[in-house]
Amino acid sequence: MNWAFLQGLLSGVNQYSTAFGRVWLSIVFLFRVMVYVVAAERVWGDDQKDFQCNTAQPGCHNVCYDHFFPVSHIRLWALQLIFVTCPSLLVVMHVAYREERERRHRERNGEDCGRLYMDTGKKRGGLWWTYVFTLVFKAGVDSAFLYVLYYIYEAYNFPRLIKCSQKPCPNVVDCFISRPTEKKIFTIFMVVTSILCIFLNLCELIYLLGKRCQECVVSNNRRHELFVASTAANNNESHSIMEKSLKVPPYAPPNKKVFK
């Protein structure tokens, strides 16, 4: 897996993120990707080789291992990180689409023409919806993988002794996991960081929704103030016109003629 490409991708979307998004990126790299690359692969690298059962029955060892480890933690976490981080590509692609559209607009109409976007990276319009979708998707993916991990490994438990009775084992055999305590500690650590990332995604989503609602309220207040001001101005103008039209000239007595 090319983690350098993933790092470059997320570093590019970092400039379009909020403060919560930047903290999320830091946690993903420092506490998930780095731990995965440096420590997790070594912890689970020998899990099948050191999975021992007290029987020499051919195939029993593999069947018991597959029964307790149906999905490798390493591959499951790698798939989780890919699904969590790749939606950020949508934000980068959307910004790139805006920049290309702005460039073509200037080529057709000249450099002095009006801009289509005041800031191509500002979260307005379609880009805002794209960013909100990525937040919901990332929180949903993390939640789904936590549930899958909880369902497969029974509350993230790693017992030292496993009772296995799968065929072709001749009877109930005892199997032993390599370094179960260490595996449990790393699993809980990855679960806690995933929950923290979900919390940050929800906080960022609430922040964006609250900011949008505030902007809508301010915009509606301004429209209402402009409407009231324009209505008052029109009423004043109409009142002055009516006063002018109804104004009676001052009374002038008629000239008296003298008849001789």
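Scroll up for the structure.
Residues numbered from 1 in each chain as written. Predicted model: local features only at pLDDT ≥ 70, side-chain atom pairs only at ≥ 80, totals over all residues. Heavy atoms only, no water.

Moving on, we come to the state of the cysteines. For the structure shown, the criterion picks out three disulfides. Taken in sequence order, the bonded cysteines of the protein link in the pattern 1-6, 2-5, 3-4. (Disulfide = S-S within 2.5 Å.)

Strand order in the open sheet made by the three strands is β1-β3-β2, with antiparallel pairing throughout. Unpaired on one side and paired on the other, β1 (52-53) and β2 (161-164) mark the two borders of the sheet. Relative to strand β3 (residues 173-176), β2 is paired through four bridges, and the arrangement is antiparallel. By the bridge assignment, Ile-162 is partnered in β3 with Cys-175. (Pairing = 2+ DSSP bridges. Helix = DSSP H or I, 4+ residues; strand = E, 2+ residues; numbered from the N terminus.)

So, on to the pairing of β3. Two elements, β1 and β3, share two bridges in a ladder whose sense is antiparallel. Of the residues in β3, the one forming a bridge with Cys-53 is Cys-175.

This part is about the pattern of salt bridges. One pass over the structure, following the stated rule, counts three salt bridges. Linking Arg-32 and Asp-142 is a salt bridge whose minimum nitrogen-to-oxygen distance equals 3.2 Å. Here Arg-32 is found in helix α2 (residues 19-43), whereas its partner Asp-142 is found in helix α6 (residues 126-152), with 110 residues between them in sequence. Asp-142 carries the same exposure label as Arg-32, and that label is buried. Among the ionic pairs, Glu-182 bridges to Arg-179, the shortest N-O distance being 3.6 Å. Taking relative accessible area as the criterion, Glu-182 reaches 30% and is therefore assigned partly exposed. (Salt bridge = Lys/Arg side-chain N within 4 Å of Asp/Glu carboxyl O. Buried < 20%, exposed > 50% of the residue type's maximum accessible area, 1.4 Å probe, protein only.)

Over the atoms rolls a probe the size of a water molecule, and its path tells where empty space is left. Counted under the stated rule, the structure contains two cavities of 30 Å³ or more. Size it by volume and the second largest cavity reaches roughly 40 Å³. Around the second largest cavity, the lining residues are Trp-77, Gln-80, Phe-145, Leu-146, Leu-149, Met-190, Val-191 and Ser-194. Mapped onto the lining of the second largest cavity, the elements with two or more residues apiece are α4 (73-85), α6 and α7 (180-245). Of the residues in the lining of the second largest cavity, the class split is six nonpolar, two polar and no charged. (1 Å grid on protein atoms, 1.4 Å probe; cavity = no way out; pocket = protein on both sides within 12 Å on 5 of 7 lines; lining within 4 Å. Points joined across faces, edges and corners; volume = space filled by probe spheres on them. Nonpolar A, V, L, I, M, F, W, Y, C, P; charged D, E, K, R; others polar.)

Here we take up the packing of aromatic side chains. If you walk through the whole model with that rule in mind, you get 10 aromatic pairs. On the numbers, 6.3 Å between centres and 85° between planes, the contact of Phe-51 with Phe-69 is edge-to-face. Of this pair, Phe-51 sits in the loop between α2 and β1 while Phe-69 sits in the loop between α3 (60-68) and α4; the two residues are 18 residues apart in sequence, bridging distant segments of the chain. We classify Phe-51 as buried; its relative accessible area is 1%. Judged by its relative accessible area of 5%, Phe-69 falls in the buried class. Summarising the aromatic geometry, the rings of Phe-68 and Phe-69 are spaced 4.9 Å apart at their centres and angled 85° between planes, so their arrangement reads as edge-to-face. Pair check on accessibility: Phe-68 and Phe-69 agree, each one buried. Over the ring of Trp-24 we find Lys-138, and its NZ or CZ is 3.8 Å from the ring centre. The cationic tip of Arg-212 hangs over the ring face of Trp-128; the distance from NZ or CZ to the ring centre is 4.4 Å. (Phe/Tyr/Trp six-rings, centres within 6.5 Å; stacked < 30°, edge-to-face > 60°. Lys NZ or Arg CZ within 6 Å of the ring centre and 35° of its normal.)

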